[in-house]
Amino acid sequence: MDEIPLAPDGPSLRKGANSATVAAAGKHAHPHGPGVLFREPPRRGFLYNAFAAITGALVGLAPLAAGIAVYLDPLRRKKAAASAIPVTTLDAIPDASKGDVLVGLYKIVADRQDAWNTYVNEPVGAVYLVVPKGTKEIKALNATCPHLGCFVDLQQSAAGYSFKCPCHTSAFNGDGTKIEPCVSPRDMDSMECVVKKRITGDQLDVSVVFENFQPGLEEKKRKS
Amino acid sequence: MRGLFRWIEDRTGIGGLMHEALYERVPGGARWRYVWGSTLVFAFAVQAITGTFLWMAYSPSSQTAWESTYYIQHQMQFGWLLRGLHHYMAQTMVVLLALHLFQVVIDGAYKAPREFNFWLGLILMQIVLALALTGYLLPWDQRGYWSTGVATSLMSLVPIVGEPLQKLVVGGGEYGHHTLTRFFALHAGVLPATLVAFLVLHVAIFRKHGIHPKKLDPAKDCYFWPDQVLRDAVACLAVLLVVLFCIAMPVIFGHDGTFEERMAAARANPGAHLGAHLTAPADPSNAFSAARPEWYFLFLFQFLKFFHGEDAERIGALYIPGAVMGVLFLMPILGRWKLGHRFNVLFLVVLLAGAGYLTAQAWHDDNMAGVESQKVEFIPGFARTKDKLDASKAYITAVRDAEDEAHRAVELVGAPAGIPPQGAVALLRKDAKTQGARLFRAKCASCHSASAGPDQGIIADPPSAPNLHDFGSPEWIAGLLDPKRIDTADYFGNTAHGTAGIKARADAAKKAGEDAPGDESMTLWVKENYSTDGKSAAEKKEIEDEIRAVSAALAAEAGIEGRMLVATPDLPADKVKALVAKGQEVLKDEGKCAGCHKFGGVGDLGIAPDLTGYGSKRWLLELISNPAAERHYADQNDRMPAFAKDADPKNNQLSPQELELLVNWLRGEWYRPTE
Ligand code: FES
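Residues numbered from 1 in each chain as written. Chains lettered and ligands numbered in written order. Predicted model: local features only at pLDDT ≥ 70, side-chain atom pairs only at ≥ 80, totals over all residues. Heavy atoms only, no water.

For the rest of this paragraph, the subject is the overall build of chain A. Each helix and strand counted, chain A has 3 helices and 10 strands in total. The helix and strand sequence of chain A, counted from the amino end, reads α-α-α-β-β-β-β-β-β-β-β-β-β. A total of 224 residues make up chain A; the buried ones form 37% of that total. Of the roughly 13,300 Å² that chain A leaves accessible, carbon and sulfur atoms contribute 59%. (Helix = DSSP H or I, 4+ residues; strand = E, 2+ residues; numbered from the N terminus. Buried < 20%, exposed > 50% of the residue type's maximum accessible area, 1.4 Å probe, protein only. Areas by Shrake-Rupley, 256 points an atom, 1.4 Å probe, with all protein chains shown as cover.)

This is how it looks when you write it as structure tokens:
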């Protein structure tokens, strides 16, 4: 409003404002409008102007601030610490003396919170369990591509296996390391893998501390 | 009447505004090349109208987004038309934007005093692209879910604020309810409102400066109404026709059946055949290898394949697109010089050509295995390497799977039980047809195929265990009892029970100085007893009858509907019964089957699988849980792992639910809609 020139003095203010609107409509203004000529806009004290501006801003900002505060809520939330989730049992760790060995693809089943809903025992992700060549340790690889988050596919052939992302051609060796040239900034994300012998019997229980990581970055950064 | 008009006019000035709008002077006369701006306004109006009505039926949450979209598309009358209009008009809008930009730059319409308008136009373009991106996710189907995931992941590359920014956009660390509510608020509220505000400014400034005439020719000057309006209206009509054509495309160009058949199908069930596609409901735990952005973003998708590593990626995904936008913004300034204008035009041509090239390359990368494309191999970047062919094959399979799954999702939610409150994804997760196949692929297909023939079903590479397609049917069992087939890759050929396997085991035993394994192998027995070579016609018939009888009896044990010998006019019910009874006799004959197998109380366990209840649900559950159990292969088990041996399901490779899905899938038992 304050940019529309006001009529010079008090009593005619209303009338003046009216005609100002009409005048602002330009060349096609209504011909019957009361043509009033305007003088310089009125001068008020600095404080007066400042008060008007600040009040105007405040009434507008209050709802906006409330909205933004709510909008920022996700930043405040922290993810619960990951715990070891049982994935499978094995009779023995496969022999990887000749090459990488794939144990399999496993869904990770855990409780999941999605805003107001709690899902109990839902698949929340997937891991490839592998035994890298020459080692005797199981490695858990997150099936999410470290490039931009597609689901990495398994490629099996008579010669062995490797991982291939269906999105931007990233490929990984059987132990999860990149096959260069690779768009992915880092190897597949490995997670802590707990292998324990069952108290009764010789079976091995394999659990994975399942986590998701920020895709796209060189650094393997936990999603918070 | 006139009085009323005058009364309204005095109080509103509408008539004057209309007059002003319609009698804008068009210097040099109306032209077709001026229509792009108007078609864009038209397209936006269509989006606003169709969008508002979609809004009235759409519900943004991860349990209802797909479901409500499905309901619009398949259940609400003309829902397919409404969705189709919105979907394809969005794509058309992107094309129109490109054309408008092109026309403005070529005509030099961005030059002084129209700089601001050009800038406003570029902002509008960004808003439209943001609308397209946010809209893609809203149906919450696999395609939108996985493709948008790539786009939001890119945000983590933004320096410093990347991660919080991504979290704010996504509404948390992972996709969920709040991703939808936020995307929807942007798509239906914030972005359109901003667009309208900028559009008003854009049009107002455009009016202030008037049209940028292609050629000044005062003799041809005319008014906007009716000359230009007519052209604009015709152009809008053309746009609408293109959109309608896209909606009808599946029927016009479909693959199944003749055009008439497709027409009939579409008439009976328009939602399934017309308008925009809807893939299966989003499921974070189910891979979707056919994820691609909408075609007009495909060039960006392809572009990313050239940048290796984080820093390079940042250049490709942020800095180069940013720089391109920067140049576009600078165009009005550069355009002050003649050379600058030429540069602008050239830049735009190169940009569009580059995007076109990348789009074509992306398409070729994905589909080369399905097309004869040797002809384009000479173009750089279009070579058919083995890697690329493999990737393309995988992509084509993934697309086919995605289509099957989408189809299946619609079939399942159409079942009498309908959609449960947990959403359609719960139905899919319990569906033996799709999940069983996935489980088979993940757990079994490294050894077993399940394939009716080359290029069909799931094929192990190489198969080292029986092909389980049609398992438990008389035909499948007859194949196992056929001396010509038992030793092939479809049955025991590549296992320890085939001749090669037996020999290898014998050799290994010899090497180790142990006793050679006995000759109780099924393969050897079948070859010896069921071979018809050199036999008389009567003997041949006897063998064939016996195989038929045993197959019928075992299939009856399995009891799979559709995989049992049933009575036909040629084979009355009592004959079937007799055949089964005869088969049971053979099974119980200690000189034959029961010599190794247990059946119906005859014979012993521990040598070969128990044939009582062979192929039944329970039998299969037990076999898969622990093939080395006494009732099954015992110490004769070849490499098959125990998938659920432990009493505590937590410790098993397959959960009880998964096991059941797999068994049902092997038996071909899943929900089938009745016609
Ligand atoms: S997301 Fe895997 S290569 Fe891009």
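Once the structure has been displayed, the description carries forward.
What follows deals with the overall build of chain B. Across its full length, chain B carries 25 helices and 2 strands. Judged by the C-alpha coordinates and their principal axes, chain B covers about 110 × 60 × 50 Å. Among the 675 residues that make up chain B, the fraction classed as buried is 47%. Restricting the contact set of chain B to residue pairs at least 6 apart, pairs at least 24 apart contribute 65%. (Contact = heavy atoms within 4.5 Å.)

All names here are of chain B. It is at 8 Å that the axes of helix H10 (residues 224–253) and helix H11 (residues 259–268) come closest, and there the two elements cross at 130°. As the angle between them shows, H10 and H11 are arranged oblique. When H10 is examined against H11, the residues Pro250, Val251, Ile252 and Phe253 are found in contact with a partner set consisting of Phe259, Arg262, Met263 and Ala266. (Axes fitted to C-alpha atoms, helices over the stretch in contact; angles between N-to-C directions. Parallel < 35°, antiparallel > 145°, perpendicular 65-115°, else oblique.)

Right, let's talk about a negative patch on the surface for a bit. A contiguous patch of negative charge on the surface is contributed by Glu585, Asp589, Glu590 and Asp604 of chain B. One can find Asp589 of chain B in the loop between helix H23 (573–588) and helix H24 (617–625). (Patch = residues over 30% accessible without salt bridge, like charges linked within 9 Å, V, L, I, M, F, W, Y side chains within 5 Å. Salt bridge = Lys/Arg side-chain N within 4 Å of Asp/Glu carboxyl O. Lys, Arg positive; Asp, Glu negative; His and termini not counted. Charge placed at Lys NZ, Arg CZ, Asp CG, Glu CD.)

Once that is clear, we can look at the interface of chain A and chain B. Contact with chain A, which involves 60 residues of that partner, is made by 60 residues of chain B. Summed over both partners, the interface of chain A with chain B comes to about 4,800 Å²; 50% of that surface belongs to carbon and sulfur atoms. A per-residue breakdown of the area chain A buries against chain B is headed by Tyr71, Leu148 and Phe151 of chain A, which together make up 12% of the total. The interface formed by chain A and chain B contains 4 salt bridges. The shortest N-O distance in the salt bridge between Lys164 of chain A and Asp387 of chain B comes to 4.0 Å. There are 20 residue pairs in polar contact (both at pLDDT 80 or more) connecting chain A and chain B. Elements with a minimum of two residues in the side of chain A that touches chain B: helix H2 (46–71), helix H3 (73–76), strand S1 (84–90), strand S2 (101–114), strand S3 (117–131) and strand S5 (153–157) of chain A. (Buried area = accessible area lost by both parts, 1.4 Å probe. Polar contact = N/O pair within 3.5 Å; in protein donor to acceptor, adjacent residues only side chain to side chain.)

What follows deals with the sheet that holds S5 of chain A. Residue and element names in this part refer to chain A. Here we have 3 strands laid out as an open sheet, ordered S5-S6-S7, and antiparallel in their pairing. In the strand order of this sheet, the two ends are held by S5 and strand S7 (171–172), each with one partner. Strand direction decides the pairing type here: S5 and strand S6 (residues 160–164), joined by 5 bridges, are antiparallel. Bridged to Leu154 within S6 is Phe163. (Pairing = 2+ DSSP bridges.)

Here the structure, examined in full by the defined rule, presents 26 aromatic pairs over all chains. Between the aromatic rings of Tyr614 of chain B and Trp619 of chain B, the centroid separation amounts to 4.8 Å while the plane-to-plane angle is 55°, which identifies the pairing as tilted. The exposure classification of Tyr614 of chain B matches that of Trp619 of chain B, with both residues buried. In textbook terms, an aromatic cluster arises when at least three aromatic residues are bridged by ring pairs, as seen for Phe151 of chain A together with Trp140, Tyr145, Trp146 and Tyr175 of chain B. Over the ring of Tyr71 of chain A we find Arg182 of chain B; its NZ or CZ atom is 4.0 Å from the centre of that ring. Cation over ring: Arg207 of chain B sits above Phe224 of chain B, and NZ or CZ is 5.1 Å from the ring centre. (Phe/Tyr/Trp six-rings, centres within 6.5 Å; stacked < 30°, edge-to-face > 60°. Lys NZ or Arg CZ within 6 Å of the ring centre and 35° of its normal.)

Residue and element names in this part refer to chain B. By the secondary structure assignment, Ile624 is in helix H24. When its relative accessible area of 6% is taken as the criterion, Ile624 is described as buried. Expressed as a C-alpha distance, the spacing of Ile624 and Ala489, which sit 135 residues apart in the sequence, is 20 Å.

On average, residues of chain B score 92 in pLDDT, and 99% of them reach the 70 mark or higher. Interface predicted TM-score (ipTM) for the complex: 0.82; the corresponding pTM is 0.86. (pLDDT = per-residue confidence, 0-100.)

A few words now on the pairing of S2 of chain A. Residues and elements named next belong to chain A. Inspection of the sheet shows S2 paired to S3 by 12 bridges, in the antiparallel sense. Within S3, the position partnered with Gln113 by the bridge is Thr118. Hairpin geometry of S2 and S3 is characterised by an intervening segment of 2 residues between the two adjacent antiparallel strands and by a positive phi of about 45° at Ala115.

Time to look at the packing of helix H5 (residues 79–106) of chain B against helix H6 (residues 115–137) of chain B. Residue and element names in this part refer to chain B. Packing of H5 against H6 leaves a shortest axis separation of 11 Å and a crossing angle of 165°. When the axis of H5 is compared with that of H6, the two are roughly antiparallel. Here H5 runs over H6; the crossing is left-handed. Contact residues: Met93, Val94, Leu97, Leu101, Val104 and Val105 in H5; Phe118, Leu122, Met125, Val128 and Leu129 in H6. Residue classes in the contact of H5 with H6 are distributed as 11 nonpolar, no polar and no charged. (Left-handed = near helix turned anticlockwise from the far one by under 90°. Nonpolar A, V, L, I, M, F, W, Y, C, P; charged D, E, K, R; others polar.)

Residue and element names in this part refer to chain B. Inspection of every chain in the model, using the stated rule, returns 36 salt bridges over all chains. Between Asp470 and Arg563 there is a salt bridge; the shortest N-O distance is 3.3 Å. Of this pair, Asp470 sits in the loop between helix H18 (432–444) and helix H19 (474–480) while Arg563 is found in the loop between helix H22 (537–558) and H23, placing the two residues 93 residues apart along the sequence. Note on Asp470: relative accessible area 26%, which makes it partly exposed. The buried category is assigned to Arg563, whose relative accessible area is 14%. Put simply, Glu622 and Arg631 hold a salt bridge, and the shortest N to O gap is 2.9 Å.

The subject of this paragraph is the sheet that holds S2 of chain A. Spatial ordering of the open sheet is given by S2-S3-S4-S8 (chain A), a layout of 4 strands whose pairing is antiparallel. Taken across any chain shown, the strands that pair with only one partner, and hence form the sheet edges, are S2 and strand S8 (190–191) of chain A.

All names here are of chain B. Note on placement: Ala424 falls in helix H17 (residues 424–429). A C-alpha to C-alpha distance of 8.5 Å links Ala424 and Thr64, two positions 360 residues apart in sequence. In contact with Ala424, not counting residues within four places along its chain, are Trp66, Glu67, Pro281, Val413 and Ile419.

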